[in-house]
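# Per-entry structural report
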Amino acid sequence: MKPCAIVILNYNGEEMLKTFLPSVCMHSIYDVWVIDNASSDGSINFLDKNYPQVQQIKLEENFGYAGGYNAGLAEINGQYEYYILLNSDVEVTADWDLNLITWMQVHLDYAALQPKILSWKDKNVFDYAGAGGGFLDAYGYPYCRGRIWETIEKDSGKYDDVIEVDWASGACMVVNGSVFHELSGFDSSFFAHMEEIDLCWRMRRSGWKVGYFGSVEVFHLGGATLDRASPKKLYLNIRNSLSMIYKNESSSRFLKIFVVKSLLEHLAAISYLSQGKKEFSKAVLNAYKDFGERKIEMKKFQPIMDGRKEVVRKGKVNLIFWNWKVLGKKTFDQL
């Protein structure tokens, strides 16, 4: 078994591959794979012509982030100790993969790890996705050191540390291969968004730790597949967040969380409507509707989850939105 495979998921990302794959091939010592989600652009021809050393897995349809990785990694299951799951729009730095895997091989109680993730457009500030390590509030809302809601911090070096976190970013995350497959990988019904947080939650409930390693930096473009300010992303985030919490919390705890989230998010839907953003209001309502229809299917997770221990959140904030919006605490240090 080889130590690691760097695995990039691609869907119509020819331009992203042209821009970011050179740094991956230049700075990486481990095998590089591209899982292609049935792209219709010139991605495959580009790889064939310019990067014959990059190994390919070609899927027959677009399974999204979650399903695409599940299907692709199933084909190399047993060949590698670790996977580094890397977005196609990430620029890496010297020795990035070696340093991440070396750390994981020493800290065998960790199932996932992310580096410091900075913005590719402005390399002095954190990226929205993952930043300086991910946390959850008491209602399942994610936030990061370096990014709380829409407030992004500059990188001053204060997050160059190593800490245990609640979740690692899917933009660039190391996962223990055997743990990934034992937990059935990502929840493919998510399609995209929140699936890495759900996976990390399930890892932690299974007794594993999730880490952040700030000595390694990567730079993420972000929004290359789905813009942050899109109704589709809002829909997926709300639907998948409800699904994640439903799977990982007790029934009584979920009910309490659901009441609060439902109030906040339906108020947001009314606000969108008053601003003339009907498509965003509809996205919220559709997310709740579709979650309700999926609850029966998700019951299959309960026998698995009931046998695992509850975990203590590393994030100590009860409601991050209240701290950010009402109390005006815009940075992690102020929480």
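Quick look at the structure, then. Treat the numbers as computed from the prediction; the structure is a model and nothing was measured.

### Thoughts on helix H3 (residues 64-75)
Given 3.6 residues per turn, any residue in an α-helix points the same way as the ones three and four places further on. In a regular helix each residue adds 1.5 Å, so 12 residues correspond to 16 Å; H3 covers 17 Å between its end C-alpha atoms and thus fits that length. A large share of H3 lies buried, amounting to 9 of its 12 residues. Among all positions of H3, only Gly64, Tyr65, Ala66, Gly67, Gly68, Tyr69, Asn70, Gly72 and Leu73 are buried. Next to the buried residues of H3 lie strand S1 (2-10), strand S2 (31-36), strand S3 (55-58), strand S4 (80-86), helix H5 (177-182) and helix H6 (195-205).

### Description of the packing of H6 against helix H7 (residues 231-248)
Close contact between H6 and H7 brings their axes to 10 Å; oriented N to C, the two are set at 10 degrees. Between H6 and H7, the angle falls in the class roughly parallel. Residues Ile197, Asp198, Trp201, Arg202 and Arg205 of H6 form the contact with H7, whose own contacting residues are Met244, Ile245, Lys247 and Asn248.

### A word on the pattern of salt bridges
Across all of its chains, the model carries 19 salt bridges by this definition. Here Lys2 makes a salt bridge to Asp31, at a shortest N to O gap of 3.0 Å. A residue pair is termed long-range when its members are at least 10 positions apart, and Lys2 in strand S1 and Asp31 in strand S2 qualify at 29 residues. Lys2 gets classed as partly exposed once you look at its relative accessible area, which sits at 45%. Where Lys18 meets Glu15, a salt bridge forms, and the shortest distance between an N and an O atom there is 3.5 Å. Highlighted residues: Lys18 and Glu15, both in helix H1 (residues 14-27), separated by 3 residues, approximately one helical turn. In this structure, a network of salt bridges that share partners links the residues Lys116, Asp155, Asp160 and Glu217.

### Examining the environment of Lys49
Within the fold, Lys49 resides in helix H2 (residues 43-50). Under the relative-accessibility criterion, Lys49 is labelled exposed at 71%. C-alpha separation for the pair Lys49 and Thr19, spaced 30 residues apart in sequence, amounts to 15 Å.

### Some details on the packing of H1 against H2
Packed helices, taken two at a time, are described by the angle between their axes plus the distance between the axes. For the pair H1 and H2, interaxial distance at closest approach is 8 Å and the crossing angle is 30 degrees. Crossing handedness for the pair H1 and H2: right-handed. Taking contact as the criterion, the partners of Glu14, Leu17, Lys18 and Leu21 in H1 are, on H2, Ser43, Phe46 and Leu47. Looking at the contact of H1 with H2 residue by residue, the classes come out as 4 nonpolar, 1 polar and 2 charged.

### Looking at the nonpolar core
In terms of nonpolar packing, the biggest core is built from 71 residues, with Val7, Tyr69, Ile76, Tyr83 and Leu85 touching the most fellow members. Every residue in contact with Tyr83, bar those within four places of it in the chain, is listed here: Ala5, Val7, Leu73, Ile76, Asn77, Gly78, Met173, Val174, Val175, Gly177 and His181.

### Side note on the packing of aromatic side chains
Across all of its chains, the model carries 24 aromatic pairs by this definition. Ring geometry for Phe46 against Tyr51: centres 5.7 Å apart, planes inclined by 55 degrees, an arrangement best described as tilted. Of the two residues examined, Phe46 and Tyr51, each falls in the buried class. Plain terms: the ring middles of Phe126 and Tyr159 are 5.5 Å apart, the flat faces sit at 55 degrees to each other, and that makes the pair tilted. Here the residue Phe126 occupies a position in the loop between strand S6 (110-119) and strand S7 (134-136), and Tyr159 occupies one in the loop between strand S10 (151-152) and strand S11 (162-164), the gap between them amounting to 33 residues. Exposure remark for Phe126: the relative accessible area of 2% places this residue in the buried category. Judged by relative accessible area, which is 3%, Tyr159 ranks as buried. Here a set of aromatic residues connected by ring pairs shows up, and it is made of Tyr65, Tyr69, Tyr83, Phe180 and Phe186. The lysine or arginine in question, Lys261, covers the ring of Tyr141, its NZ or CZ lying 3.9 Å from the ring centre.

### A few points about the side chain of Ser88
You can see Ser88 is positioned in the loop between S4 and strand S5 (90-91). Dropping the residues within four chain positions of it, Ser88 is found in contact with Ile8, Leu9, Met16, Leu17 and Phe20.

### Details of H6
The buried count for H6 comes to 11 of 11 residues, which makes it a mostly enclosed element. Buried residues of H6: Glu195, Glu196, Ile197, Asp198, Leu199, Cys200, Trp201, Arg202, Met203, Arg204 and Arg205, and no others. One or two steps after H6, the chain reaches Gly207, where phi turns positive at roughly 100 degrees.

Criteria and thresholds
Residues numbered from 1 in each chain as written. Predicted model: local features only at pLDDT ≥ 70, side-chain atom pairs only at ≥ 80, totals over all residues. Heavy atoms only, no water. Helix = DSSP H or I, 4+ residues; strand = E, 2+ residues; numbered from the N terminus. Expected span 1.5 Å × (residues − 1). Buried < 20%, exposed > 50% of the residue type's maximum accessible area, 1.4 Å probe, protein only. Contact = heavy atoms within 4.5 Å. Axes fitted to C-alpha atoms, helices over the stretch in contact; angles between N-to-C directions. Parallel < 35°, antiparallel > 145°, perpendicular 65-115°, else oblique. Salt bridge = Lys/Arg side-chain N within 4 Å of Asp/Glu carboxyl O. Left-handed = near helix turned anticlockwise from the far one by under 90°. Nonpolar A, V, L, I, M, F, W, Y, C, P; charged D, E, K, R; others polar. Core = buried A, V, L, I, M, F, W, Y, C linked by side-chain atoms within 4.5 Å. Phe/Tyr/Trp six-rings, centres within 6.5 Å; stacked < 30°, edge-to-face > 60°. Lys NZ or Arg CZ within 6 Å of the ring centre and 35° of its normal.

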